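Notes for the structure review
Residues per chain, in single letters:
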Amino acid sequence: MNSFFITGTDTEVGKTHVTCLLLKFLTQHKRSAIGFKPIAAGAEEAFGQLVNEDALNIMESSNVHAKYEIINPICFEPPIAPHIAAQRAGKEISQIELNHHYKEILSVGAEFTLVEGAGGWSLPINDTEYLSDWVKAREIPVILVVGMKLGCLNHTLLTMQALKTQGVKCVGWVANEIDPNMSEFEANLESLKQRIDAPLLAVAPFAKSKAKLKIYKALTDLLTIKL
Ligand SMILES: Nc1ncnc2c1ncn2[C@@H]1O[C@H](COP(=O)(O)OP(=O)(O)OP(=O)(O)O)[C@@H](O)[C@H]1O
Ligand SMILES: C[C@H](N)[C@H](N)CCCCCC(=O)O
Ligand SMILES: [Mg+2]
């Protein structure tokens, strides 16, 4: 069983978009795959419970299915930093709780579990802990989604530096074209390639529908897929 933690250079950079594309890629190649969104903030009431859009999207892109609470066990209504949402709801998120939920999703038995983070790499879950502490403790390899826009060089290099300092393995990165009007896309991609000590796995083009990943060999190797 393989797990990957999908982080991003920021919130709203395409972690869910890329997670769904990776899940679909795995499905197309007859791998069993499930998405996991342990912590979500930003949800609506539906079917008598709170549901988050990211979790619904990754459920739809997975070919292994489980109840909503298994896919997204921690969910808050306001679209704010999760530790603040938890505080407002009189709750506290902890690594112990995350371990429990992670065990449950792994017991579903998919070959691949893609865990989508929340926000960027350094996301507080309570007064003293970060989601990144949990990823490090569980030794889940990280895939970084870079939202390709002006400013992404700084965000990417700082994130890579943090991963390295914390001793967390980054198995690769995905360039996500979130801004169709970005100047010098290719030159920025090249600047990142030169400076990132992990392989480029794929490029996700700007597309509102029927998006497809431009796949690199590092991705097929990572997912043990022969094209
Ligand atoms: N390659 C793309 N082409 C077109 N639109 C995109 C692309 N990637 C992301 N988007 C859009 O940008 C917005 C943010 O993407 P997404 O929700 O995947 O970000 P996120 O990093 O998962 O955010 P969050 O931190 O809230 O989980 C969404 O509306 C999504 O449809
Ligand atoms: C509401 C948003 N879409 C995400 N679900 C949560 C983003 C938290 C970001 C925290 C921060 O780094 O400031
Ligand atoms: Mg998301």
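Cut-offs applied
Residues numbered from 1 in each chain as written. Chains lettered and ligands numbered in written order. Predicted model: local features only at pLDDT ≥ 70, side-chain atom pairs only at ≥ 80, totals over all residues. UniProt positions renumbered as here; feature names shortened; annotations may be inferred. Helix = DSSP H or I, 4+ residues; strand = E, 2+ residues; numbered from the N terminus. Contact = placed C-beta atoms within 7 Å. Buried ≥ 20, exposed ≤ 12 C-beta atoms within 10 Å, placed from the backbone.

**Some details on the UniProt feature "binding site: Mg(2+)" (unreviewed entry) in the protein chain**
Within this structure's numbering, the places UniProt gives as "binding site: Mg(2+)" (unreviewed entry) are T16, D54 and E116. A maximum C-alpha distance of 8.9 Å places the annotated residues, which cover 101 residues in sequence, within one compact spot. Tracing the chain through its elements places T16 in helix α1 (residues 15-28). Among residues more than four places away in sequence, those in contact with T16 are D54, N57, I58 and E116. For E116, the location among the structural elements is in strand β7 (residues 112-116). When near neighbours in sequence (up to four residues on either side) are disregarded, E116 contacts I6, K15, T16, T19, G35, K37, D54 and I58.

**What about the UniProt feature "active site" (unreviewed entry) in the protein chain?**
According to UniProt, the "active site" (unreviewed entry) feature falls on K37. Along the polypeptide, K37 turns up in the loop between β2 (33-36) and β3 (39-41). For K37, a count of 28 C-beta atoms within 10 Å gives the class buried.

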